[in-house]
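# Examination of the molecular architecture
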Amino acid sequence: MLLKSLVAAIYLTYTATSMATDIPIGSTINICGDGSGWPPYIYETSDKQVHGYDVDVLSRILSKSELKSIFKMQPWKRCLQSVDRGEEFHIATSSSYSKERDSKYLLSRDYYSITPSYFYIKKNFPNGLNIRSTDDLKKYSVCGLLGYNYSNFGVDMDRVDMGTRNFSQLVEKTDRKRCDLFLARYEAFVSFSHISTNFIKEYGLGSQPIPGVEKEKFYLLISRSYKYASALKNIIDKEVDVLESTGELKAMIDRSIEKLKAQSTN
C-alpha cells in the first residue's frame, strides 16, 4: 500500500511538473534575425516581409505545436541583447557557437552549416593572398562586423577590427585598404547579390575558405529568461531531428535558395 502511494505521489509530481513546463497552446514566440540580412536563411524584402529558411523551419515547427510565430529584423547586437535579457524576443536565429553564447542562452541543436571564408579586393592583391593556415591570417589586417562571432574562424577575435555595422561598410572599408581582408560565411555573403548589392562583381572580390577550418554549425539562441525555454528547446530539437532524418531539412534549404533567386529576378 505504501509503495502504491509512493508511486502515485511520484506520478502526480511528474505530471504537475510536465504541465507547468508545457507552453500554452496559442502562445506567440517572438523571433529576431540580423537586420543586415542573412540570406538565404533570413532576410527582409522591400515590402518589409521577413523570408528565408529560418522562417520556414521555425514556422513549421512551432505551428505543429499550435504555437504562433512573429519574425522581426533587428540590429544584430540589439537582437542578442533582447533575447539575453528576456525582453521582446524569445529566439535569435542563425547563430554560430561561442562559449559566451552557450552560457547566456539555451542553444538548439544545429540546423545547418556553412563555410568560414575570407574575402579580399583582387585589384589590391592581384596574386591573391598567401594564406595556407590560420596562422597566416596574422600577416594581414582583418576586419569583420560589429557583434559577429568569428571564434570558429581560427583567428584571435582581438585582432579583428569590428568597427562596421553592415556588409556595405565592410566591403567599402576593405576597398579603401583599411583592411587587407574581411571574414564572412561564404554561402550567406554571396546570397546578398539576390537581395541588394552584388558585392563580388561590383568590387571585384576574391575569396577562399579558411584553410584547416571545418564548416561552421549554426544554432537558434533561446532566452533563458523565458519561462518555457526548456520546453521550447525540446520542441525545436525534436522536430529538427525529424526534418533532418527525412531529408526535408536539406530540401527546405534548397527551396529557400530557389525562392531567393526567383525574388531577385522579379
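Here, every reference points to the structure presented above.
In this report, we go over the structure that sits alongside the text. (Residues numbered from 1 in each chain as written. Predicted model: local features only at pLDDT ≥ 70, side-chain atom pairs only at ≥ 80, totals over all residues. Heavy atoms only, no water.)

### Points about the nonpolar core
Core analysis: the largest hydrophobic core is formed by 78 residues, its most contacted members being Trp38, Phe167, Leu181 and Leu183. No other element matches the 7 residues that helix 8 (residues 229–245) contributes to this core. Among all residues touching Leu183, those that are not within four sequence positions of it are Ser117, Tyr118, Val142, Cys143, Tyr150, Phe153, Val155, Val160, Leu170 and Ile210. (Core = buried A, V, L, I, M, F, W, Y, C linked by side-chain atoms within 4.5 Å. Buried < 20%, exposed > 50% of the residue type's maximum accessible area, 1.4 Å probe, protein only. Helix = DSSP H or I, 4+ residues; strand = E, 2+ residues; numbered from the N terminus. Contact = heavy atoms within 4.5 Å.)

### What to know about the state of the cysteines
Within the structure shown, the criterion is met by 2 disulfides. One disulfide in the model links Cys32 with Cys79; its S-S distance is 2.0 Å. Taking the sign of the S-S torsion, 80 degrees for the link of Cys32 and Cys79, the bridge is right-handed. Placement of Cys32 in strand 1 (residues 28–34) and of Cys79 in helix 3 (residues 76–85) is noted, with a sequence separation of 47 residues between them. For Cys79, a relative accessible area of 0% gives the class buried. (Disulfide = S-S within 2.5 Å.)

### Notes on the layout of surface pockets
Of the volumes computed, that of the largest pocket is approximately 330 Å³. A total of 4 residues in the lining of the largest pocket trace back to one element, the largest contributor, which is helix 3. Looking at the lining of the largest pocket, its residues break down into 5 nonpolar, 4 polar and 5 charged. By volume, the second largest pocket is sized at about 240 Å³. If you go around the second largest pocket, you meet 13 residues; those closest to its centre are Tyr43, Glu44, Thr45, Ser46 and Ile195. For the lining of the second largest pocket, the secondary-structure elements that each account for two or more residues are strand 2 (43–44) and helix 9 (248–265). Of the residues contributing to the lining of the second largest pocket, the split by class is 3 nonpolar, 9 polar and 1 charged. (1 Å grid on protein atoms, 1.4 Å probe; cavity = no way out; pocket = protein on both sides within 12 Å on 5 of 7 lines; lining within 4 Å. Points joined across faces, edges and corners; volume = space filled by probe spheres on them. Nonpolar A, V, L, I, M, F, W, Y, C, P; charged D, E, K, R; others polar.)

### With respect to the packing of aromatic side chains
For the structure shown, the criterion picks out 25 aromatic pairs. With 5.8 Å between their ring centres and 85 degrees between their planes, Tyr53 and Tyr112 make a pair best called edge-to-face. One end of the pair, Tyr53, is in helix 2 (residues 53–64); the other, Tyr112, is in strand 7 (residues 112–114), and 59 residues separate them in sequence. The burial state of Tyr53 is the same as that of Tyr112; both residues are buried. (Phe/Tyr/Trp six-rings, centres within 6.5 Å; stacked < 30°, edge-to-face > 60°.)

### Details of the pairing of strand 5 (residues 91–96)
By the criterion of burial, strand 5 is predominantly enclosed, with 6 of the 6 residues buried. The pairing of strand 1 with strand 5 spans 2 bridges and is parallel. Following the sheet pairing, Ile31 is matched in strand 5 by Ile91. Pairing geometry for strand 5 and strand 13 (residues 216–223), over 4 bridges, is antiparallel. Looking across to strand 13, one finds that Ser95 is bridged to Tyr219. (Pairing = 2+ DSSP bridges.)

### A short note on the environment of Gly163
Checked against the element boundaries, Gly163 lands in strand 10 (residues 160–164). Considered as a pair, Gly163 and Cys143 are 20 residues apart in the sequence and their alpha carbons are 8.0 Å apart. Each residue touching Gly163, except ones within four places of it in the same chain, is listed here: Gly144 and Lys173.

### Describing the pattern of salt bridges
For the structure shown, the criterion picks out 17 salt bridges. The shortest N-O distance in the salt bridge between Glu248 and Arg60 comes to 3.3 Å. Residue Glu248 is found in helix 9, and its partner Arg60 is found in helix 2; the two are separated by 188 residues along the sequence. Here Arg60 falls in the partly exposed class, since its relative accessible area comes to 38%. With a closest N to O distance of 3.8 Å, Asp135 and Lys138 form a salt bridge. Where salt bridges share partners, they join Arg109, Asp110, Asp241 and Glu244 into one cluster. (Salt bridge = Lys/Arg side-chain N within 4 Å of Asp/Glu carboxyl O.)

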